[in-house]
Amino acid sequence: MRRAFALLIAAALAVGLTACAEPGATAAAPSESADTCPSASAPLSSLDLVDDVRAVTGGSTACLSSRAIEAVDDDTAPKLPVTVTDSEGREVEITDIDRILPIDISGTIAATVFALGLGDQVVGRDSSTAFAGTEELPVVTRTGHTLNAEAILELAPTVILTDTSIGPKEIRQQLRDAGIAVIVVSSDRRIDTTDELVTEIATALGVPTRGDALIERLDVALDASLAEIAEVVPAAEEDRARMLFLYVRGNANVYYIFGEDSGADSLIDAVGGVDVAGEIGWEGMKPMTAEALVAARPDVLVMMTDGLESVGGIDGLIERIPAVAETPAGANRRVIDMADSEILSFGPRSADVIGALARALYAPEPQQ
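In this text, all values refer to a predicted model and were calculated from it rather than measured experimentally. (Residues numbered from 1 in each chain as written. Predicted model: local features only at pLDDT ≥ 70, side-chain atom pairs only at ≥ 80, totals over all residues. Heavy atoms only, no water.)

Visitor: Just to check I follow, could you spell out the packing of helix 2 (residues 108–115) against helix 5 (residues 194–204) for this structure?
Guide: Describing two packed helices takes the angle between their axes plus the distance from one axis to the other. Packing of helix 2 against helix 5 leaves a shortest axis separation of 10 Å and a crossing angle of 65 degrees. Judged on the interaxial angle alone, helix 5 and helix 2 are roughly perpendicular. In terms of crossing hand, the pair formed by helix 2 and helix 5 is right-handed. Residues Thr108, Ile109, Thr112 and Val113 of helix 2 form the contact with helix 5, whose own contacting residues are Leu197, Val198 and Ile201. The residue makeup of the contact of helix 2 with helix 5, split by class, is five nonpolar, two polar and no charged. (Axes fitted to C-alpha atoms, helices over the stretch in contact; angles between N-to-C directions. Helix = DSSP H or I, 4+ residues; strand = E, 2+ residues; numbered from the N terminus. Parallel < 35°, antiparallel > 145°, perpendicular 65-115°, else oblique. Left-handed = near helix turned anticlockwise from the far one by under 90°. Contact = heavy atoms within 4.5 Å. Nonpolar A, V, L, I, M, F, W, Y, C, P; charged D, E, K, R; others polar.)

As structure tokens, this is what we get:
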């Protein structure tokens, strides 16, 4: 069931992102760091916490203290060849990882490869891969997140790591027919599936011990982040922020609510919020309705930064979707946004992502 929801989400993201892109446009270069949030690396408990998380007014941006991906402290040489059965049931033999192409809709696969210490072997990127060290890599997606077979073949990758969030599948088959090892990993992106994703990728690349080391590091970081957040979450559920993830692409008239088993729900749970989409029985990802939005009564809307900008900010959001004004979030203009390439990029940055969202929720900094 979760896999089906993940595929639906990927389809919606692809539609929205493709509609936003100009034909032939190239992806923006990744930013080195997120320096617009001066408190991003400060302990949450040391910040000026709000008295009532449900009554905060105004927008805030969640951002990471750094977009760099730290490699594990393990340089064990890859053991090849290796044969794996990918998530689509195909048996794939990997004999050479000198030229790795990691591509998906969120940049998570690339981040994982870099965290495994194999960044030097990466030869290209998708348009969502936006962290330090990837600036000069050629982009192999066009019109948002559609694979460009010609661009990929020019890079002569020896192994491609991807998932079903990006396609079309005919291109993946074309690449297989060209003799490239193509491994389709799981598309299920949630906080609690991060370890499984790392294992899949590390196994395929012949570095299982590096995968174990990365999982250990990520689990420690995630536990620490969750413990830090738990200290500031209101004890009574009725005092916790009622949150809803709203995905929009204004120029394409795309408006979706992400509900249970969408990945967004695990993000809201991690920061101690109440996922109101679940309260109204909203499963997976579906087009938004005014009735659902009003019935959910969110205190906080969580959005992707580009999505919020596509409707002209908070004012434009309320103008385009009048039902927003009928919610506590609309009345208080309470919207938290985070970079599209980060907010649902569960993987090496999971702990940092939920930490950033928690800061924007419990200790928001005034927007410039």
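Let us keep going from here.
Visitor: I keep staring at the sheet that holds strand 4 (residues 100–103) and nothing clicks. Help me out?
Guide: Overall, parallel pairing links the three strands, which are arranged 4-7-8 in an open sheet. In the strand order of this sheet, the two ends are held by strand 4 and strand 8 (181–184), each with one partner. The sheet shows a mean angle of 15 degrees between the axes of neighbouring strands, taken without regard to direction. Bridging between strand 7 (residues 159–162) and strand 8 involves four bridges; their strand directions are parallel. (Pairing = 2+ DSSP bridges.)

Visitor: Explanation requested: the confidence of the model for the protein in the structure shown.
Guide: Close inspection of predicted coordinates is inappropriate for parts of the model with low pLDDT. Of all residues in the protein, 89% have pLDDT values of 70 or greater, and the mean over the chain is 89. Confidence drops under a pLDDT of 50 for residues 1–12, and excluding neighbours within four residues, the segment shows 27 contacts in the predicted structure. The low-confidence segment residues 14–35, where pLDDT is below 50, has 42 contacts with residues more than four positions distant or belonging to other chains. (pLDDT = per-residue confidence, 0-100.)

Visitor: Would you explain unusual backbone geometry in this entry?
Guide: A cis amide bond, omega 0 degrees, links Leu80 with the succeeding residue Pro81. As for its position among the elements, Pro81 is in the loop between strand 1 (60–62) and strand 2 (82–85). Here Ala156, not a glycine, exhibits a phi torsion of approximately 50 degrees, which is positive. Residue position: Ala156 is located in the loop between helix 3 (149–155) and strand 7.

Visitor: Where do I start with the nonpolar core in this structure?
Guide: For soluble globular proteins, nonpolar side chains are generally found buried alongside one another. Ranked by internal contacts, the top residues of the largest apolar core, which has 40 residues, are Phe245, Leu344 and Leu361. Put simply, the parts of the chain that give this core at least two residues each are helix 6 (208–230), strand 9 (242–249), strand 10 (254–258), helix 7 (264–270), strand 13 (300–304), strand 14 (335–338) and helix 14 (350–362). Counting 34 residues, the second largest nonpolar core, distinct from the first, contains Val92, Val122, Val159 and Ala202. (Core = buried A, V, L, I, M, F, W, Y, C linked by side-chain atoms within 4.5 Å. Buried < 20%, exposed > 50% of the residue type's maximum accessible area, 1.4 Å probe, protein only.)

Visitor: Looking at this model, I keep getting lost on helix 2. Mind explaining?
Guide: Three- or four-residue spacings in an α-helix give side chains the same orientation, since the helix completes a turn every 3.6 residues. Burial runs high along helix 2: eight of the eight residues are buried. Turning to helix 2, its buried residues are Thr108, Ile109, Ala110, Ala111, Thr112, Val113, Phe114 and Ala115. Buried-residue contacts for helix 2 involve strand 4, strand 7, helix 5 and helix 6. The first or second residue beyond helix 2 is Gly117, which carries a positive phi of 85 degrees.

Visitor: Just checking my understanding: could you explain the packing of aromatic side chains for this structure?
Guide: Aromatic ring pairs: the centre-centre distance and the angle between the two ring planes describe each pair. On inspection of all chains with the given rule, the structure shows three aromatic pairs. Between Phe114 and Phe131 the ring centres are 5.0 Å apart and the planes differ by 80 degrees, which places this aromatic pair in the edge-to-face class. Here Phe114, found in helix 2, pairs with Phe131, found in the loop between helix 2 and strand 5 (141–142); they are 17 residues apart in sequence, far enough to count as distant. For Phe114, a relative accessible area of 12% corresponds to the buried category. A residue is classified by how much of its surface remains accessible, and Phe131, at 0% relative accessible area, is buried. Look at Phe245 and Phe258: their rings are 5.1 Å apart centre to centre, the planes differ by 10 degrees, and that puts the pair in the stacked class. Of this pair, Phe245 sits in strand 9 while Phe258 sits in strand 10; the two residues are 13 residues apart in sequence, bridging distant segments of the chain. The exposure class of Phe245 is buried, given its relative accessible area of 1%. An aromatic cluster of three or more residues is present, and its members are Phe245, Tyr247 and Phe258. Above the ring of Trp282, the side-chain terminus of Lys286 is found at 4.5 Å from the ring centroid. (Phe/Tyr/Trp six-rings, centres within 6.5 Å; stacked < 30°, edge-to-face > 60°. Lys NZ or Arg CZ within 6 Å of the ring centre and 35° of its normal.)

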